[in-house]
Amino acid sequence: QVQLVESGGGWVQAGVPLRLSCAASGRTFANYIMGWFRQAPGKEREFVAAITWNDGVAYYADSVKGRFTISRDNAKNTVSLQMNSLKPEDTAVYYCAAKYGFLSYGSPERYDYWGQGTQVTVSS
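One numbering rule holds for all chains: residues counted from 1, following each sequence as written. In keeping with the predicted nature of the model, local features appear solely for residues at pLDDT of at least 70, side-chain atom pairs appear and are counted solely at 80 or more, and the whole-chain, interface and lining totals rest on all residues. Only heavy atoms go into the side-chain values, all of them from the structure, while hydrogens and water stay out.

Hey, could you run me through the overall build of the chain in this one?
Numbering of helices and strands runs from the N terminus; a helix is a DSSP stretch of H or I covering at least four residues, while a strand is a stretch of E covering at least two. Counting its secondary structure elements, the chain contains zero helices and eleven strands. Mapped in sequence order, the helices and strands of the chain form the string β-β-β-β-β-β-β-β-β-β-β. Over its C-alpha trace the chain gives a radius of gyration of 13 Å, about what one expects of a compact globule, namely 14 Å for 124 residues. If one aligns the C-alpha atoms of the chain with their principal axes, the spans along those axes are about 40 × 25 × 25 Å. Expressed as a percentage of its 124 residues, the buried residues of the chain come to 40%. Residue contacts are defined here by distance: any two heavy atoms, one from each residue, within 4.5 Å place the two residues in contact. Taking as baseline every contact in the chain between residues at least 6 positions apart, the subset at least 24 positions apart corresponds to 57%. Surface exposure here means Shrake-Rupley accessible area, sampled with a 1.4 Å probe, where a residue is shielded only by the protein chains that are shown. When the accessible area of the chain is evaluated, it comes to approximately 6,300 Å², of which 47% is carbon and sulfur surface. A positive count includes Lys and Arg, and a negative count includes Asp and Glu. His and the chain ends are not counted in either. Every charge is mapped to an atom, namely NZ of Lys, CZ of Arg, CG of Asp or CD of Glu. The average position of the 12 basic charges and that of the 10 acidic charges among the side chains of the chain differ by 3 Å. What the globule rule says is 2.2 Å times the number of residues to the power 0.38, and the radius of gyration is computed from C-alpha atoms. When accessible area is computed with a 1.4 Å probe and restricted to protein chains, residues below 20% of their type maximum are described as buried, those above 50% as exposed, and intermediate ones as partly exposed.

Right, dumping it as structure tokens:
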């Protein structure tokens, strides 16, 4: 049974960095892509970043490019999201997700597995 468990969320002031982690278990993730999505109240779930499990190729939403960095540790089966220069508009529940294959990495409906989410609140 695949499990994705997020950690690291919390409340921070704008500009303070925060690091999210996702512990993945239950299968091997070769040929998977691991993604981070977020959902703010009243808004749709949106793509934040993704990384290929095999070779670590990363993709970012324009809104976070240059501020967020996604990484993975194959030995520990973890995926992390380093968030710098946080803004109040980054406030949302952040979800870790996994999908087989590398296409459509920005589409949440294409993902096979999801974590429960972790709240990130950024105050001004």
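After that view of the structure, there is still more to cover.
Teacher, can you tell me more about the state of the cysteines here?
Every disulfide links exactly two cysteines, by a covalent bond between their sulfur atoms. In this description, a disulfide is simply a cysteine sulfur pair whose atoms lie within 2.5 Å. Summed over all chains, the structure comprises one disulfide. There is a disulfide in this structure between Cys22 and Cys96, and the S-S distance comes to 2.1 Å. Between Cys22 and Cys96, the S-S torsion sits near -75 degrees, and that sign places the bridge as left-handed. Here Cys22 is found in strand 3 (residues 18–25), whereas its partner Cys96 is found in strand 9 (residues 92–100), with 74 residues between them in sequence. Taking the relative accessible area as the measure of exposure, Cys22 reaches 1% and is therefore buried. The class of Cys96 is buried, set by a relative accessible area of 0%.

I'm lost on the environment of Pro17 in this one. Help?
Looking at where Pro17 falls in the secondary structure, it is placed in the loop between strand 2 (10–13) and strand 3. Taking the C-alpha atoms as reference, Pro17 lies 25 Å from Gly42; in sequence the two are 25 residues apart. Once you skip the residues sitting within four places of it in the chain, Pro17 turns out to touch Gln82, Met83, Asn84 and Leu86.

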